[in-house]
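Chain by chain, the residues run as shown.
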Amino acid sequence: MIVEDDPNDVELTLTALTDHNLANEVVVTRDGQQALDYLYRRGEFNTRAAENPAVMLLDLKLPKVSGLEVLQQIKSDERLKMVPVVVLTSSHEEQDMMRSYRLGVNAYVVKPVDFHEFVNAVKELGVFWAVINEPPPGSLKK
Amino acid sequence: MKAMKKSVTMTGLAQGPTRAGVGRRMVYWNREFQTIHSPVLRYGFAVVSVAIALGVASAMQHYQFHDVELLVFTVAIALSTWYAGIGPSILAVVLSSLCFDYFFTQPLYSFDVSARELPYYFIFVVWAAIVASFSAVRRRMEDSLRQARDNLQVEVEQRRNKEDEIRKLNQALVKRAAQLEAANKELEAFTYSVSHDLRAPLRHMVGYSELLQRQASSSLDEKSQRFIRTILDAAKRMGNLIDDLLAFSRIGRAEPETVAVDLAQLVKEVVAETGQDTKGRDIVWKIGALPVCRGDRAMLRLVLVNLVSNAVKFTSMRRPAKIEIGCVDGNMTDVEVFVRDNGAGFDMQYVNKLFGVFQRLHLPEQFEGTGIGLATVQRIIHRHGGQVRGEGAVDQGATFYFSLPKVPEVAERRRPLHDHTGTHFDRRGRPERRGADSDGADGP
């Protein structure tokens, strides 16, 4: 599951995942509200199966509900706190990193400017969380 | 307030009853009674006192109260001394003596003094003089006490004024601090937004250029390929510039620690680290004795890393390259450390541009780098209360100096080296992360 407002970033991330055959089963939500709606199966997502994503790639700067707020909501909810969350952001800022880790993020990745590095980072994340990592029970199996 | 100040500084002389308030009025009348100012009045007071005393003494004698005249005159002398001062008191003594002689000693109604009465008369004069002098002394004491009290009042007043002033200054300071804090917050918000928002479009430029390169590499001619490469390089360079600028501003915001830092140890580490990047190069290192100084270890390390890697970078065409690190004992409070090389050097004409952000004195083809290294050095040293300067000549090498406050006590030198566990900076001043940065530190 990807939470990212910027269509270019979405495309680049999906391109990187497609390159490594990881793009099937990717859900893209475009803001924090939509992401929470998806997780809680509200609104447009009320018919989806009751499974949590294997991993959530979360941007910090999002319209409506910010990434940190989404993170806080997830990590304070008994049913959702097990969902692995990876912050994938442009920000190097120490305060973002500190706050994310304090809220219990599972990983913090700064999007590299270099495209190869970016593709590599996304691939590694995809491979690790979707293939290598054993997701918590109740997660969507790949 | 001004009028009041004036009133207390002028101690008791010629003041009109101008002040309001019962307390002050009391003080005023008290003072007016204590001192009669006009000389005529003062001497007149003495004469009148003695005359009254004479009248009272005569009346008493008339009513057969004998031997009280001495007491009555004494009272008159004391009063004159008390209220009118030294001159009138002498007059009162003389007048009383004369009156006493004329009216109360044998032979009566004559200034002659009989031999029998002479000691009696003499005792009277002495007694009168003693009373007068005691009275005068007491008067003087009271005057000086009053003076002291007035001075105290003035001081209290001044202190109150000063306290008011301090309070006002304090308020101004608090206001200023709040303004500064707001400005700082704004600046932080700015760098935060730069960090978030400026890098995203860059990433897209790089990403889509790469995609284009991949997608259309077969159909593009060599020129178009070069254009795409230029776009990529420029975007990456801009990414580096933004990263450097953010790191630079982060140094400005981080509060430096002050622990004892062994510069000799630090230089050893930095040179060893640089040595890994300079395998195959012929570099002669000369490292002199270096002191222990106070500062933030991570930041000072960054200073040395920047200066040393600059020296390495700008001597790349020398065989052998000579790099010297040492210290000159500047003065009592500061120690000055220098890094000298025999590299490309610079024209002293541009010395004031050396430490500017993104200022470069060489073409990018000659020496790589964004030009933030020395700006970082300067910022760190300034934050430590020191100074930086550079000396050099084209093709003659360059020397960079920085000064730092000395460790004051000898005991401090013996302290074990502080193992710094705070933020670690890479050579650009960014907190250390992936080891992806391969290019050297930057400089002119």
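Residues numbered from 1 in each chain as written. Chains lettered and ligands numbered in written order. Predicted model: local features only at pLDDT ≥ 70, side-chain atom pairs only at ≥ 80, totals over all residues.

Peer 1: Is there a simple way to think about the overall build of chain B in this case?
Peer 2: The helix and strand tally for chain B stands at eleven helices and seven strands. Across the 444 residues in chain B, those meeting the buried criterion constitute 30%. Of all intrachain contacts in chain B linking residues separated by at least 6 positions in sequence, the fraction that spans at least 24 positions is 71%. (Helix = DSSP H or I, 4+ residues; strand = E, 2+ residues; numbered from the N terminus. Buried ≥ 20, exposed ≤ 12 C-beta atoms within 10 Å, placed from the backbone. Contact = placed C-beta atoms within 7 Å.)

Peer 1: What is the right way to read the overall build of chain A from this model?
Peer 2: Regarding its fold elements, chain A presents five helices and five strands. In chain A, the succession of α and β elements from N to C terminus is β-α-β-α-β-α-β-α-β-α. Buried residues in chain A amount to 39% of all 142 residues. Across chain A, contacts joining residues at least 24 apart in sequence account for 65% of those joining residues at least 6 apart.

Peer 1: Explain the confidence of the model for chain B to me, please; I cannot follow it from the model alone.
Peer 2: Regions with low pLDDT should not have their predicted coordinates read in detail. All names here are of chain B. Chain-level statistics for chain B give a pLDDT mean of 78 and a share of 83% at 70 or above. Under a pLDDT of 50 for its full length, residues 432-444 has, in the predicted model, 37 contacts with residues more than four places off or in other chains. Scored as a complex, the prediction yields pTM 0.54 and ipTM 0.72. (pLDDT = per-residue confidence, 0-100.)

Peer 1: Mind showing me how you'd approach the nonpolar core here?
Peer 2: It is characteristic of soluble globular proteins that their nonpolar side chains tend to be buried jointly. All names here are of chain B. Core analysis: the largest hydrophobic core is formed by 47 residues, its most contacted members being Val 303, Leu 304, Leu 307, Val 308, Val 377 and Phe 402. Sorting the residues of this core by element identifies helix H7 (222-253), helix H8 (263-277), helix H9 (297-314), strand S4 (321-328), strand S5 (334-341), helix H10 (373-383) and strand S7 (397-405) as the ones contributing at least two each. With twelve residues, the top contributor of residues to this core is H9. In contact with Val 308, other than residues within four places in its own chain, are Val 270, Val 271, Thr 274 and Val 339. (Core = buried A, V, L, I, M, F, W, Y, C linked by C-beta atoms within 7 Å.)

Peer 1: Would you mind going over the packing of helix H4 (residues 69-84) of chain B against helix H5 (residues 86-104) of chain B with me for this structure?
Peer 2: Any two packed helices are characterised by the angle at which their axes cross and by the distance between the axes. Residue and element names in this part refer to chain B. Where H4 contacts H5, the two axes come as close as 8 Å, and the packing angle between them is 165 degrees. What the angle tells us is that H4 and H5 run roughly antiparallel. Crossing angle aside, the handedness with which H4 passes H5 is right-handed. Between H4 and H5, the residues in contact are Glu 69, Phe 73, Ala 76, Ile 77, Ser 80, Thr 81 and Ala 84 and Pro 88, Ser 89, Ala 92, Val 93, Ser 96, Phe 100 and Phe 104, respectively. Of the residues contributing to the contact of H4 with H5, the split by class is nine nonpolar, four polar and one charged. (Axes fitted to C-alpha atoms, helices over the stretch in contact; angles between N-to-C directions. Parallel < 35°, antiparallel > 145°, perpendicular 65-115°, else oblique. Left-handed = near helix turned anticlockwise from the far one by under 90°. Nonpolar A, V, L, I, M, F, W, Y, C, P; charged D, E, K, R; others polar.)

Peer 1: Can you help me understand the interface of chain B and chain A in this one?
Peer 2: Interface size is commonly expressed as the accessible area that is lost once the parts come together. Residue-level contacts link 17 residues of chain B with 17 residues of chain A. Tallied by class, residues from the side of chain B that touches chain A come to eight nonpolar, five polar and four charged.

Peer 1: Sorry, what's going on with helix H3 (residues 39-62) of chain B here?
Peer 2: Helical geometry note: an α-helix holds 3.6 residues per turn, so side chains three or four residues apart project in the same direction. All names here are of chain B. Under the 1.5 Å per step criterion, the end-to-end length of H3 is 34 Å for 24 residues, consistent within 8% with the ideal 34 Å. Among the residues of H3, those classed as buried are Arg 42, Phe 45, Ala 46, Ser 49, Val 50, Ala 53, Leu 54 and Ala 57. Among the structural elements, H4 and H5 are those in contact with the buried residues of H3. Looking one or two residues beyond H3, the residue adopting positive phi is Gln 64, at roughly 70 degrees. (Expected span 1.5 Å × (residues − 1).)

Peer 1: Is there a simple way to explain the sheet that holds strand S3 (residues 56-58) of chain A in this structure?
Peer 2: Sheet strands pair via backbone hydrogen bonds, and the direction of the pair is either parallel or antiparallel. All names here are of chain A. Taken in spatial order, the five strands make up an open sheet running S2-S1-S3-S4-S5, and their pairing is parallel. For this open sheet the edge positions go to strand S2 (28-29) and strand S5 (107-110), each flanked by a neighbour on one side alone. Across two bridges, strand S1 (residues 2-3) lies against S2 in parallel orientation. In the sheet register, Val 3 faces S2, and the bridge partner there is Thr 29. (Pairing = 2+ DSSP bridges.)

Peer 1: How should I be thinking about the sheet that holds strand S2 (residues 283-287) of chain B in this particular structure?
Peer 2: Residues and elements named next belong to chain B. Within the open sheet, the five strands sit side by side as S2-S4-S5-S7-S6. Their pairing is mixed. Only two strands of the sheet have a single partner each, and these edge strands are S2 and strand S6 (388-393). Taken over all neighbouring pairs, the strand axes of this sheet differ in orientation by 15 degrees on average, direction set aside. In the sheet, S5 pairs with S7 via seven bridges, with the strands oriented antiparallel. When the bridges of S7 are listed, Val 339 appears paired with Phe 400. Where H9 meets the sheet, it contacts S2, S4, S5 and S7, and its direction lies at approximately 25 degrees from that of S5.

Peer 1: For this particular structure, what's the right way to read helix H3 (residues 67-75) of chain A?
Peer 2: Residue and element names in this part refer to chain A. When H3 is considered as a whole, its buried residues turn out to be Gly 67, Leu 68, Val 70, Leu 71 and Ile 74. All buried residues of H3 project into a common sector of 160 degrees when viewed along the axis, lining one side. If you follow the buried residues of H3, they end up packed against S1, helix H2 (32-40), S3, strand S4 (85-89) and helix H4 (94-102). (Arc of directions from axis to C-beta.)

Peer 1: Even after reading the chapter, I still don't get the environment of Gly 288 of chain B, so can you show me in this structure?
Peer 2: Residues and elements named next belong to chain B. If you trace the backbone, Gly 288 turns up in the loop between S2 and strand S3 (292-295). Gly 288 sits in the partly exposed class, given 13 other C-beta atoms within 10 Å. Residues Gly 288 and Ala 264, spaced 24 residues apart in sequence, show a C-alpha to C-alpha distance of 8.4 Å. Setting aside residues up to four positions removed in sequence, Gly 288 forms contacts with Ile 325, Gly 326 and Cys 327.

Peer 1: How should I be thinking about unusual backbone geometry in this particular structure?
Peer 2: Note that the residue after Arg 319 of chain B, namely Pro 320 of chain B, is joined by a cis bond; omega there is -5 degrees. Here Pro 320 of chain B shows up in the loop between H9 and S4. Phi angles above zero are rare outside glycine, and Lys 64 of chain A is one such case at about 60 degrees. Along the chain, Lys 64 of chain A falls in the loop between S3 and H3.

Peer 1: Before we go on, may I ask you to explain the environment of Met 60 of chain B in this structure?
Peer 2: Residue and element names in this part refer to chain B. The topology assignment puts Met 60 in helix H3. With twelve residues separating them along the chain, Met 60 and Val 72 place their C-alpha atoms 9.9 Å apart. For Met 60, the contacting residues outside a window of four places in its chain are Phe 65 and Val 68.

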